[in-house]
Amino acid sequence: MSRLLFQGVRGEPDLSESLRVESLITDHCPLTTPREADKLHEECGVVAIYGHPHAAREAYLALYALQHRGQESAGIATADGAHLANIKGMGLVSEIFTDDVLAKLPGHLAIGHTRYSTTGDSALLNAQPIRVDSTKGLIAIAHNGNLVNLGNLRASLERDGAYFQTTSDSEIIVQLIAHSSSGTLVDAIADSLSQVEGAFSIVMMTRDRIFAARDPRGFRPLSMGRMKNAEGPDSIVFASESCAFDLLRAEFIRDVLPGELVMVSQDGVTSRQYASGVPQSSCVFEHVYFARPDSRIFGRWVQESRDQMGRQLARESGVSADVVVPVPDSGVTAALGYAEEARLPFRFGLIRNHYVGRTFIEPEQRVRDFGVRLKLNPVHNLLAGKRVILIDDSIIRGTTSRKIVRMVRGAGATEVHLRISCPPTISPCYYGVDTPSKSELIAANHSVEGIRQFIEADSLAYLSLEGLLASVRDEHKTGYCTACYTGNYPTQWVDVEDILPAAVTT
Ligand code: SF4
């Protein structure tokens, strides 16, 4: 059983010039999180609650809905106007936040975070929210994304006397706030956000205020909602994805805009545009894979985007077949669109075991392809004697795709045609997605025909870039980042050397 330490702070903020990062919970959950080697990994999920008598519980529920965005660690910080408490741990949200733990988080303000490490190591030291006692008072921060100008900023902050206690890029933002010469906290936050480059959707909390902001290009999603309270004014809630609002019975208000800083206090909601004039480049892969289909991100339902991707894929690369089968779960919505467009039956020919535990220890490859067969199992009577179109959302290294193709053929399929609902992944992501190096990306090093031969499919086709962009196009004219498919990065420069590799905690 994991143990957690609780930290709370009473009294007035420390106004000394030095900046101090709270010593963090030091206990580790003994579980490890095996990473699916052939999938890109979600980044992080953030939530914030203002003005709810049970803010910690609401934050817990919202994090629960965002668990798919990160499973390594989670944390909740709360404030009641005078005190600020913070609890975080390694593991899943439901493992960390039992009733007893939530009872130790009083207050009507809360921010929360669920993490899959993309910079820094994955230890509890870098779990969030990070709480900092600074010249601007107590600040807690939770961040989704990746900064790309870490080295310069970190070096200059250290020259100014900053003492970093984590390797997380998120701490750079709070250090910048603490060292800002701006007179007010909101000015200091705007000042610090305008200095960092890269991807960030951020929620911050002081003893009595909540802040939410997105980077000027709007890489990662962040939405604002409202919860009705029986007594008193509405609660305001922020979350990485709108699916979190459903669990809270919150009403979606709008997205936080790229380059916008929103503040919620007892005076209500105020907003300022701290950066403007930068072309939007929201992550298109959120629509392809990361976000839940029941979320509305970047002004558009993810379900609708994936359905269109499947339909477009069928128009671009139709093939004579008997049945359309998704690779669950992420391939399901695109496969439904494909099947409808192609007028072919849709069947769940592969079943995913949702209970493959994080604690499972794979016994030394006793059986070939054991890892994939733990998660997926073919439905023989649906596949035997059939020409099968398999729909998946990506091929990263190709090894898992080959195992799945073999599995379907092993169940008796006479042909296996693999269709991918996005273009070939040819470049790593530096904006908060854990991507293997270019040398490990099969599409960066092989032609489509070469990949087809490797995965042993009868045919292979990807959705075109034009087809992908057409599938996510809307009246808002949202601009998208497509760098992992094109190699064209939207930031001015990428300081690759500064981006710390993610590492597995064992
Ligand atoms: S490089 Fe790919 S995964 Fe990364 S932000 Fe751009 S579209 Fe998203």
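Going by the structure above, here's the rest.
What this report covers is the structure whose coordinates are included nearby. (Residues numbered from 1 in each chain as written. Predicted model: local features only at pLDDT ≥ 70, side-chain atom pairs only at ≥ 80, totals over all residues. Heavy atoms only, no water.)

## Here's the deal with the pairing of strand S6 (residues 109-115)
Logical step 1: A large share of S6 lies buried, amounting to 7 of its 7 residues.
Logical step 2: A two-sided burial pattern is seen for S6, the buried positions comprising Leu109, Ile111, His113 and Arg115 on one face and Ala110, Gly112 and Thr114 on the other.
Logical step 3: With 7 bridges connecting them, strand S3 (residues 44-50) and S6 associate as antiparallel partners. Bridge pairing links Val46 to His113 in S6. (Buried < 20%, exposed > 50% of the residue type's maximum accessible area, 1.4 Å probe, protein only. Helix = DSSP H or I, 4+ residues; strand = E, 2+ residues; numbered from the N terminus. Pairing = 2+ DSSP bridges.)

## Considerations on the packing of helix H9 (residues 302-317) against helix H16 (residues 465-472)
Logical step 1: Two numbers describe how H9 lies on H16: the axes approach to 8 Å, and their chain directions differ by 145 degrees. Pair H9 / H16 crosses with right-handed handedness. Contacts from Ser305, Gln308, Met309, Gln312 and Glu316 of H9 reach H16 at Gly467, Leu468, Ser471 and Val472. (Axes fitted to C-alpha atoms, helices over the stretch in contact; angles between N-to-C directions. Left-handed = near helix turned anticlockwise from the far one by under 90°. Contact = heavy atoms within 4.5 Å.)

## With respect to the site of the ligand
Logical step 1: Close to the ligand lie Arg220, Cys283, Val284, Phe285, Cys429, Tyr431, Val433, Cys481, Ala483 and Cys484.
Logical step 2: Because more than half of its atoms lie within 2 Å of the grid, the ligand is assigned to the largest cavity.
Logical step 3: Listed by contribution, the elements that provide at least two residues to the shell around the ligand are helix H8 (284-290) and helix H17 (483-486).
Logical step 4: Class assignment for the residues of the shell around the ligand results in 9 nonpolar, no polar and 1 charged. (Near = heavy atom within 4 Å. 1 Å grid on protein atoms, 1.4 Å probe; cavity = no way out; pocket = protein on both sides within 12 Å on 5 of 7 lines; lining within 4 Å. Sits in = over half its atoms within 2 Å of the grid points. Nonpolar A, V, L, I, M, F, W, Y, C, P; charged D, E, K, R; others polar.)

## Section: empty space enclosed by the protein
Logical step 1: Across all of its chains, the model carries 4 cavities of 30 Å³ or more by this definition.
Logical step 2: Estimates place the volume of the largest cavity at around 120 Å³.
Logical step 3: Along the wall of the largest cavity there are 17 residues; nearest its centre are Cys283, Phe285, Cys429, Cys481 and Cys484.
Logical step 4: Where the lining of the largest cavity is concerned, the elements lending two or more residues are H8 and H17.
Logical step 5: With 3 residues, the top contributor of residues to the lining of the largest cavity is H8.
Logical step 6: Here the lining of the largest cavity is built from residues that sort into 14 nonpolar, 2 polar and 1 charged. (Points joined across faces, edges and corners; volume = space filled by probe spheres on them.)

## A short note on the packing of H9 against helix H10 (residues 332-342)
Logical step 1: In the contact formed by H9 and H10, the axes pass within 7 Å of each other and the chain directions differ by 45 degrees. If you check the angle between H9 and H10, you find them oblique. As H9 runs across H10, the sense of the crossing is right-handed. On H10, the residues that touch Gln303, Arg306, Asp307, Gly310, Arg311, Leu313, Ala314, Arg315 and Ser317 of H9 are Thr333, Ala334, Leu336, Gly337, Tyr338, Glu340, Glu341 and Ala342.
Logical step 2: Of the residues that constitute the contact of H9 with H10, the class distribution is 6 nonpolar, 5 polar and 6 charged. (Parallel < 35°, antiparallel > 145°, perpendicular 65-115°, else oblique.)

## Regarding helix H13 (residues 399-410)
Logical step 1: With 12 residues, H13 should cover 16 Å at 1.5 Å per step; its first-to-last C-alpha distance of 16 Å lies within 8% of that length.
Logical step 2: Where H13 terminates, the next one or two residues include Gly412, which has phi positive at roughly 110 degrees. (Expected span 1.5 Å × (residues − 1).)

## Let's talk about the sheet that holds strand S23 (residues 415-420)
The strands making up a sheet associate through hydrogen bonds between their backbones, and the pairing can be parallel or antiparallel.
Logical step 1: If you trace the 4 strands from one edge of the open sheet to the other, you get S19-S22-S23-S24, paired in parallel fashion. Edge strands, defined here as strands with exactly one partner in the open sheet, are strand S19 (323-326) and strand S24 (459-462). When the angles between neighbouring strand axes are averaged without regard to direction, this sheet yields 20 degrees.
Logical step 2: The pairing of strand S22 (residues 387-392) with S23 spans 6 bridges and is classified as parallel. From the neighbouring strand, Ile391 faces S23, where its bridge partner is Arg419.
Logical step 3: Most of the contacts of H9 go to S24, to which it runs at about 125 degrees, and overall it touches S22, S23 and S24.
Logical step 4: Contacts between H13 and the sheet are confined to S22 and S23, with S23 contributing the most and set at about 145 degrees to the helix.

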